[in-house]
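Coordinate inspection notes
Chain residues, written in single-letter form:
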Amino acid sequence: MTQSVGIDVGKEELVACIRDTDGKSAMPAPFPNTSIGLKKLVVHFKEHNIGTDDPILLESTGPYHWQAARTLADRGYFVKVANPLHTKQIARLSIRKRKTDNVDASHLAFLASQQYGYRFIETEEMARKKALVRHFWKLRMTATNLMIHERYLKEYRHISRASISALLVKRCEKLKKEIVQEWSRGNDVKYLDSIPGITPFLAATILAELMPLERFQRIDQIIAFAGLDPSVKQTGGKHGTHGPISKRGSPPLREALFLAAFGSFSKGPMRGIYKRYKDRGLHHNAILCVLARKILRIAVALLKKRRVFDPVRLLTGT
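Please read these numbers as outputs of a predicted model, since none were measured by experiment. (Residues numbered from 1 in each chain as written. Predicted model: local features only at pLDDT ≥ 70, side-chain atom pairs only at ≥ 80, totals over all residues. Heavy atoms only, no water.)

**Re the overall build of the protein**
Filter applied, for reference: Going along the chain from the N terminus, every DSSP run of H or I of four or more residues is numbered as a helix, and every run of E of two or more is numbered as a strand. We get accessible surface area from the Shrake-Rupley algorithm with a probe of 1.4 Å; when it comes to residues, only the shown protein chains can shield them.
The secondary structure content of the protein amounts to 13 helices and eight strands. The dimensions of the protein, computed from C-alpha atoms along their principal axes, are 65 × 55 × 45 Å. For the protein, the exposed area adds up to about 18800 Å²; of that, 54% sits on carbon and sulfur atoms.

**Remarks on the nonpolar core**
The condition that has to hold: Buried Ala, Val, Leu, Ile, Met, Phe, Trp, Tyr and Cys residues that are joined via side-chain atoms within 4.5 Å together make up what is termed a nonpolar core. Under the scheme applied here, a residue whose accessible area is under 20% of the maximum for its type counts as buried, over 50% as exposed, and between as partly exposed, the area being computed with a 1.4 Å probe on protein chains only. Contacts are residue-level and defined by heavy atoms, with any inter-residue pair within 4.5 Å sufficient.
Leu192, Ile195, Ile198, Leu210 and Leu257 are the most contacted members of the largest nonpolar core, which has 56 residues in total. For this core, the secondary structure elements donating two or more residues are helix 5 (124–156), helix 6 (164–183), helix 7 (188–193), helix 8 (200–210), helix 9 (219–225), helix 10 (251–262), helix 11 (269–279) and helix 12 (284–305). A per-element tally of this core places helix 12 first, with 13 residues. Residue contacts for Leu192: discarding those within four places in its chain leaves Ile198, Ala203, Ile206, Leu207, Ala299 and Leu303. With 25 residues, the next largest nonpolar core counts Val9, Ala73, Tyr77 and Ala127 among its residues.

**Describing the environment of Ala203**
Looking at the element boundaries, Ala203 is found in helix 8. Among the residues examined, Ala203 registers a relative accessible area of 0% and is labelled buried. Note: C-alpha distance between Ala203 and Pro30 (173 residues apart in sequence) is 41 Å. Contacts of Ala203, omitting those with residues within four sequence positions, involve Val189, Leu192, Asp193 and Ile198.

**A look at the environment of Asn33**
With respect to the secondary-structure elements, Asn33 resides in the loop between strand 3 (29–32) and helix 1 (35–47). On the basis of relative accessibility, which here comes to 16%, the residue Asn33 falls in the buried class. Sequence spacing of Asn33 and Leu72 is 39 residues, and the spatial spacing of their C-alpha atoms is 13 Å. Here Asn33 is in contact with Val9, Gly10, Lys11, Glu12, Glu13, Leu14 and Tyr64, once residues within four sequence places are set aside.

**Regarding the pairing of strand 5 (residues 78–82)**
Counted only if it meets this: What makes two strands pair is DSSP finding at least two bridges between them. The crossover handedness rule: strands pointing away from the viewer, path from first strand over the helix to second strand clockwise, crossover right-handed.
Counted residue by residue, strand 5 has five buried out of five residues, so it is predominantly covered. Here strand 5 shows a buried face lined by Phe78, Lys80 and Ala82 and a second buried face lined by Val79 and Val81. Relative to strand 5, strand 4 (residues 55–59) runs parallel, the two being bridged by five bridges. Bridging from a neighbouring strand, Leu57 pairs with Lys80 of strand 5. You can see the chain leave strand 4, run along helix 2 (residues 63–74) and come back into strand 5, and the turn it takes is right-handed.

**Observations concerning helix 11**
What counts here: Throughout, the arc means that of the directions going from the helix axis to the C-beta atoms.
Taken together, the buried positions of helix 11 are occupied by Pro269, Met270, Ile273, Tyr274 and Tyr277. Within helix 11, the buried residues cover an arc of 140 degrees as seen down the axis, which keeps them to one side. Exposed and facing more than 90 degrees away from the buried side of helix 11 are Lys275 and Asp279.

**Here we look at the packing of aromatic side chains**
The test is simple: Centres within 6.5 Å make a pair out of two Phe, Tyr or Trp rings, where for Trp the six-membered ring is used; the pair is then stacked when the planes are under 30 degrees apart, edge-to-face when over 60, and tilted otherwise. Note on geometry: a ring has a charge over it if NZ (lysine) or CZ (arginine) is within 6 Å of the ring centre and within 35 degrees of the ring normal.
Counted according to the given criterion, the structure contains nine aromatic pairs. Each ring, one from Phe262 and one from Phe265, has its centre 6.0 Å from the other, and the planes form 85 degrees; the classification is edge-to-face. Since its relative accessible area comes to 15%, Phe265 is described here as buried. These aromatic residues form a ring-pair network of at least three members: Phe136, Trp137 and Phe201. The ring centre of Phe201 lies 5.4 Å from the NZ or CZ of Lys176, which sits over that ring. Arg215 extends its terminal NZ or CZ atom over the ring of Tyr118, reaching a point 5.3 Å from the ring centre.

**So, the side chain of Lys130**
Structurally, Lys130 can be placed in helix 5. Judged by relative accessible area, which is 10%, Lys130 ranks as buried. Filtering out sequence-adjacent residues up to four positions away, Lys130 remains in contact with Glu122, Ala208, Glu209, Met211 and Arg215.

**Considerations on the sheet that holds strand 1 (residues 4–9)**
To keep it simple, the criterion reads: Helix axes are fitted only over the stretch in contact, all axes being lines through C-alpha atoms; the angle between N-to-C directions runs from 0 to 180 degrees.
Read from one edge of the open sheet, six strands run 3-2-1-4-5-6, paired in mixed fashion. The open sheet terminates on both sides in strands that have one partner only, identified here as strand 3 and strand 6 (118–119). Bridge count between strand 5 and strand 6: two bridges; the pairing is antiparallel. Paired with Val81 across the two strands is Tyr118, which belongs to strand 6. Against the sheet, helix 1 touches strand 1, strand 2 (13–19), strand 3 and strand 4, its axis set at about 150 degrees to strand 3. On top of the sheet, helix 2 reaches strand 1, strand 2, strand 4 and strand 5; it is set at about 165 degrees to strand 4, its chief contact.

**A short note on unusual backbone geometry**
Between Met211 and the following residue, Pro212, the backbone shows a cis peptide bond with an omega angle of -5 degrees. When you line up the elements, Pro212 lands in the loop between helix 8 and helix 9. Phi angles above zero are rare outside glycine, and Lys247 is one such case at about 55 degrees. Mapped onto the secondary structure, Lys247 falls in the loop between strand 8 (241–245) and helix 10.

The following block contains the structure:
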């Protein structure tokens, strides 16, 4: 009998729920979110005959779920990770509006039985590189906000003192060089850097957010992960209308793709694409979305085929 497991992860506690194929769930069991608690969790799985093919689903909660997922994956279990939006949506279906760790664990066990989530194969090195890239983008946003506030103080309140934003900008530039140097050890940055508009640092950001590519089955899933898929409204049998992009994905990946799109259309093969959509009457920002999706599709293709960008293939459509 195939079973499915849902694990609600918290900072200090894990709650595991085992579900049979007939829909019956065992009583959720709590465990400390520590190395000792994870060992007890493995013993609990062995007592309930959880096999290596039984899906174990965890909600993506940053640093809290990673150690549990890595430990179980190293033990040979079939570990999967789900987007928190899935669990939030299924929680809204509850009439009684119950939101507890036990209920969340049972919801995750149900989602695991329905093949939700992607397989967890992220290594410690990949997690460290991704955390460093995301730290840069958060630091850069903080520096930008401080710079705007300091400009306000100087222009409207006549306060000009030591600038903290300047120090953060210097730290961002130093961190950017460290990230590029670390990601340049392989050929992946070289493949993406050949695409018009992509710099080595933008290539490192795209790699940090997309890797491992094996968790995506279709290119549409990658576009949705970047938040570049258009929102759609349709009801009553009428034709659906496309609205703005969903922005339901990775903000660093989306910003990196927009920066790449902004630097790609001034010259080179992307200029013809920009001009073609401009002649059709599309707004500049809408064309940037088109170029960002185009660059993302090209980047994924180059990573899978292990080769550099060829502008002739873009112009011929091959």
